[in-house]
Amino acid sequence: MIKIIEKIDELRKILKEYRRNNQTIGFVPTMGYLHEGHASLIKRSSSENEITIVSIFVNPIQFGPNEDLDKYPRDLERDKKVAFENGADIIFHPKVNEMYPEKLYTFVNVENLDKELCGAKREGHFKGVATVVTKLFNIVNPDKAYFGKKDAQQLAIIKKMVKDMNFDIEIIGCDIIREKDGLAKSSRNSYLKPKERKAATILKKTLDKIKEMLDNKETDVKKIINLAIKNIEKEPLAKIDYVEIVDLYTLEKVNKIETDVLVAMAVYIGKTRLIDNFDYKFN
Ligand SMILES: Nc1ncnc2c1ncn2[C@@H]1O[C@H](COP(=O)(O)OP(=O)(O)OP(=O)(O)O)[C@@H](O)[C@H]1O
Ligand SMILES: CC(C)(CO)[C@@H](O)C(=O)[O-]
Ligand code: BAL
């Protein structure tokens, strides 16, 4: 049966035992309210490691003052089931004061990669993510850690942080898992009212339109973005936060498609902010 552990010391003690037995450790950091996206990460980890740890921690320092920290969905009982059924061995579920027992003076900030996309819209967000992921990596010390490509900028930032800071951890990026109608699975989809849920398909539909333009060798980024904006604006419940095309590796804006790119967007559907993206290899 899956173990729920709330204390850092207790987790470290158990992990030491696994390591003594030379068991490999896979780690899936999450904020809980697990869905098939998370399940795919857990499944992959348990197929590649002897032990899989899933953390469930709604990290306050990555939320802005007007964001949804308080109403972020939580359901530990259901999460236990999903994690267990997909092969997890331990859920690490610390309280906020276990992770942050005193005022934090030390932060991890991955520069440059946070200038565009969500980094430009959610000030301090990625500093909060990089800081908590560093703490979690130091607590769990896994061999491999699994992140979804839905949060493409987060994945790029974590990969760079691991390289820059010499973490001995392999970062594995996992494909986006979607609903039948294309909507990327997300814990925040649970906020959507039925009409909003239908409207939310506009993200993937617009990404598909952009993909078609790229396949047809359109290289003018302004033209592509304008068309995408027009397409999203046809949906009355949608309000664009950003639609951007950036260099896949530097995450800097590009004007012309002449390199591998990441096409990414954040769109409010009602009050719910959803993100989606795809990457496109130039050849
Ligand atoms: N649809 C998905 N496919 C693949 N991975 C996913 C998907 N959704 C989330 N993940 C990954 O799961 C991990 C934990 O994400 P998180 O707990 O924030 O879930 P989420 O559904 O993205 O929540 P939110 O609604 O906050 O965006 C991240 O690495 C994230 O990229
Ligand atoms: C990586 C993470 C668990 C850090 O809080 C979070 O940003 C998430 O769920 O993607
Ligand atoms: N998956 C990203 C976490 C966040 O939106 O804060």
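Definitions and cut-offs
- Residues numbered from 1 in each chain as written.
- Chains lettered and ligands numbered in written order.
- Predicted model: local features only at pLDDT ≥ 70, side-chain atom pairs only at ≥ 80, totals over all residues.
- Heavy atoms only, no water.
- Axes fitted to C-alpha atoms, helices over the stretch in contact; angles between N-to-C directions.
- Helix = DSSP H or I, 4+ residues; strand = E, 2+ residues; numbered from the N terminus.
- Parallel < 35°, antiparallel > 145°, perpendicular 65-115°, else oblique.
- Left-handed = near helix turned anticlockwise from the far one by under 90°.
- Contact = heavy atoms within 4.5 Å.
- Nonpolar A, V, L, I, M, F, W, Y, C, P; charged D, E, K, R; others polar.
- Core = buried A, V, L, I, M, F, W, Y, C linked by side-chain atoms within 4.5 Å.
- Buried < 20%, exposed > 50% of the residue type's maximum accessible area, 1.4 Å probe, protein only.
- Domains from an automatic or database assignment.
- Pairing = 2+ DSSP bridges.
- Salt bridge = Lys/Arg side-chain N within 4 Å of Asp/Glu carboxyl O.
- Near = heavy atom within 4 Å.
- Polar contact = N/O pair within 3.5 Å; in protein donor to acceptor, adjacent residues only side chain to side chain.
- Areas by Shrake-Rupley, 256 points an atom, 1.4 Å probe, with all protein chains shown as cover.
- Buried area = accessible area lost by both parts, 1.4 Å probe.

## Quick notes on the packing of helix 9 (residues 202–215) against helix 10 (residues 221–233)
- At a closest axis distance of 10 Å, the pairing of helix 9 and helix 10 adopts a crossing angle of 150°. Relative to helix 10, helix 9 is oriented roughly antiparallel. Once helix 9 is placed against helix 10, the crossing between them reads as right-handed. Of the residues in helix 10, those in contact with Ile 202, Thr 206, Lys 209, Ile 210, Met 213 and Leu 214 of helix 9 are Lys 223, Ile 224, Leu 227, Ala 228, Asn 231 and Ile 232.
- Residue classes in the contact of helix 9 with helix 10 are distributed as eight nonpolar, two polar and two charged.

## Focus on the nonpolar core
- Counting 48 residues, the largest nonpolar core has Ile 53, Met 99, Phe 137, Ile 158 and Ile 171 as the members making the most contacts within it.
- Top element by residues in this core is helix 6 (residues 125–140). It accounts for nine residues.
- Here this core gathers at least three residues from each of two domains, domain 1 (3–174) and domain 2 (187–278).
- When neighbours within four sequence positions are excluded, Ile 53 is seen to be in contact with Leu 15, Ile 25, Gly 26, Phe 27, Val 28, Ile 90, Phe 92 and Val 140.

## Quick look at the packing of helix 6 against helix 7 (residues 152–164)
- Direction vectors running N to C along helix 6 and helix 7 enclose 50°, while the axes themselves pass 11 Å from each other. Here helix 6 is positioned oblique relative to helix 7, judged by the angle of their axes. Like other packed secondary-structure pairs, helix 6 and helix 7 cross with a definite hand, here right-handed. Of the residues in helix 7, those in contact with Phe 126, Val 129, Ala 130, Val 133, Thr 134 and Phe 137 of helix 6 are Gln 153, Gln 154, Ile 157, Ile 158, Met 161 and Val 162.
- Its residues assigned to classes, the contact of helix 6 with helix 7 comprises nine nonpolar, three polar and no charged.

## Considerations on the sheet that holds strand 8 (residues 261–269)
- Here we have three strands laid out as an open sheet, ordered 7-8-9, and antiparallel in their pairing. Two strands close off the open sheet at either side, each with one partner strand: strand 7 (238–247) and strand 9 (272–280). Recorded for the sheet is a direction-independent mean angle of 15° between the axes of neighbouring strands.
- On top of the sheet, helix 9 reaches strand 7, strand 8 and strand 9; it is set at about 20° to strand 9, its chief contact.
- The strands that helix 10 touches are strand 7 and strand 8; relative to strand 7, the one it contacts most, it runs at about 160°.

## Quick notes on the pattern of salt bridges
- Within the structure shown, the criterion is met by 21 salt bridges.
- Put simply, Glu 77 and Lys 80 hold a salt bridge, and the shortest N to O gap is 3.3 Å. With Glu 77 and Lys 80 both in helix 3 (residues 76–85) and three residues apart, this pair spans about one turn of that helix.
- Using a relative accessible area of 54% as the deciding quantity, one classes Glu 77 as exposed.

## Quick word on the site of ligand 1
- In the vicinity of ligand 1 lie 20 residues, with His 35, Tyr 72, Lys 150, Asp 151 and Ser 186 positioned nearest.
- In this structure, Tyr 72 approaches ligand 1 through a side-chain N or O atom, which is 2.7 Å from an oxygen atom.
- Here ligand 1 has 590 Å² of accessible area as a free molecule, and 95% of this is covered by the chains.
- Of all the secondary-structure elements, those providing two or more residues to the shell around ligand 1 are strand 2 (25–30), helix 2 (36–48) and strand 5 (144–148).
- Grouping the amino acids of the shell around ligand 1 by side-chain chemistry returns seven nonpolar, eight polar and five charged.

## A closer look at the domain arrangement of the protein chain
- If you check the domain split of the protein chain, you get domain 1 (3–174) and domain 2 (187–278).
- Distance from the C-alpha centre of domain 1 to the C-alpha centre of domain 2: 26 Å.
- Opposite the 21 residues of domain 1 that make contact, domain 2 presents 18 residues.
- Considering only the surface of domain 1 that becomes buried against domain 2, Glu 116, Leu 117 and Lys 121 emerge as the three largest contributors, covering 33% of it.
- For Lys 253, the salt bridge identified is with Glu 116, shortest N-O distance 3.6 Å.
- Every element with two or more residues in the side of domain 1 that touches domain 2 is listed here: helix 5 (117–121) and helix 7.

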